[in-house]
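The chain contents come next:
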Amino acid sequence: MLTIEQISCGFGRQEILHDISLTIPEGKITAIVGQSGCGKTTFLKTLNRMIEEEGGFYKGKIILDGEDIKGLSTEVLRTRIGMVFQQPIAFPYSIEKNLSYVLKYHGIREAGEIERITRECLQKARLYDEIKDQLKKSAKKLSGGQKQRLAIARSLCVNPEILLLDEPCSALDMKNTIAIEETLLELKGKYTFVIVTHNLAQAKRIADQIIFMDQGRVLEVTDTKTFFEHPSSEPAREQIQYM
Ligand SMILES: Nc1ncnc2c1ncn2[C@@H]1O[C@H](COP(=O)(O)OP(=O)(O)OP(=O)(O)O)[C@@H](O)[C@H]1O
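Basis of the calculations
Residues numbered from 1 in each chain as written. Predicted model: local features only at pLDDT ≥ 70, side-chain atom pairs only at ≥ 80, totals over all residues. Pairing = 2+ DSSP bridges. Helix = DSSP H or I, 4+ residues; strand = E, 2+ residues; numbered from the N terminus. Core = buried A, V, L, I, M, F, W, Y, C linked by C-beta atoms within 7 Å. Buried ≥ 20, exposed ≤ 12 C-beta atoms within 10 Å, placed from the backbone. Contact = placed C-beta atoms within 7 Å. Near = placed C-beta within 6 Å. Nonpolar A, V, L, I, M, F, W, Y, C, P; charged D, E, K, R; others polar.

- Going by what an unreviewed UniProt entry lists, the protein is known as ATP-binding cassette domain-containing protein and is assigned to Dorea longicatena.

Here's what the structure looks like:
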């Protein structure tokens, strides 16, 4: 569903990622792994054209359902390809309003409909049961793990096809990490997830496909079992050895 054809990208005159071609399968979890600085986040930011907002560029084609994403407005693209960041973002509103303002922005005005989607997305992100009596309270009071699940719920409420997640668990404890992993496992099929993680064990637990990057290049794109049992590149073998 998302095809990447000969992508190179970078900042200023410096090319950071070189000649990447691969496919992100629909309804699966793809994990992007590789050493710090190899370009994982840059690759993720290219997929929804955030790289250009940060003064970067990309060459090549990114095809979403047969259509070059350059033909889509940024607003439509970000609705279809959502993003969750490493540092959880909770806006300084109530928990409820963190989602409802996004829905209103997208033209949903009917109170019952807003309430239904808000509840459904908080449930999908495994947050609803914990906070259902505090929906009017400030989202700033949530814990880091709850904020990250709120960010996931907010991304889901515009019904994206793909959700990009950049190290979503790196600041979280094991309990919250597991809640997020279970959320992704439960929702795959309905959504396509692409997750950057420095945690190989996490990639092994949840991913269907692994993209292994090294120094701005993709060295392996393979199913998770093959990657961990028979890595084909020396850098991947080295990293797996130290898991
Ligand atoms: N906005 C930017 N301007 C210039 N160079 C950048 C920018 N963002 C990233 N880079 C460079 O791109 C390279 C890849 O960085 P990136 O953050 O994509 O790697 P990463 O694999 O995600 O690293 P980490 O695992 O540490 O988060 C680095 O050399 C970095 O300095």
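**Quick word on the pairing of strand E1 (residues 2-11)**
In step 1: Bridge analysis of E1 against strand E2 (residues 14-24) gives seven bridges, and the strand direction is antiparallel. Within E2, the residue paired with cysteine 9 across the bridge is leucine 17.
In step 2: The antiparallel hairpin formed by E1 and E2 contains two residues in its connecting segment, where glycine 12 sits at a positive phi of about 60 degrees.
In step 3: Bridge analysis of E1 against strand E4 (residues 56-64) gives eight bridges, and the strand direction is antiparallel. What sits directly across from cysteine 9, in E4, is tyrosine 58.

**Some points on the nonpolar core**
Generally speaking, soluble globular proteins have nonpolar side chains that are buried together.
In step 1: Ranked by size, the top nonpolar core spans 58 residues in total, and within it Ile32, Ala153 and Val194 carry the most contacts.
In step 2: The element contributing the most residues to this core is helix H7 (residues 144-156), with five residues.
In step 3: Residues in contact with valine 194, not counting those within four places in the same chain, are Ile24, Thr30, Ile32, Leu44, Leu47, Ile162 and Leu164.

**Description of the environment of isoleucine 62**
In step 1: Structurally, isoleucine 62 is set in strand E4.
In step 2: Between the C-alpha atoms of isoleucine 62 and leucine 187, which are 125 residues apart in sequence, the distance is 24 Å.
In step 3: Setting aside its immediate chain neighbours within four residues, isoleucine 62 contacts Ile4, Ile7, Leu47 and Ile69.

**Describing the site of the ligand**
In step 1: Surveying the vicinity of the ligand reveals the residues Phe11, Ile16, Gly34, Ser36, Gly37, Cys38, Gly39, Lys40, Thr41, Thr42, Glu54 and His198.
In step 2: Grouping the constituent residues of the shell around the ligand by class yields three nonpolar, seven polar and two charged.

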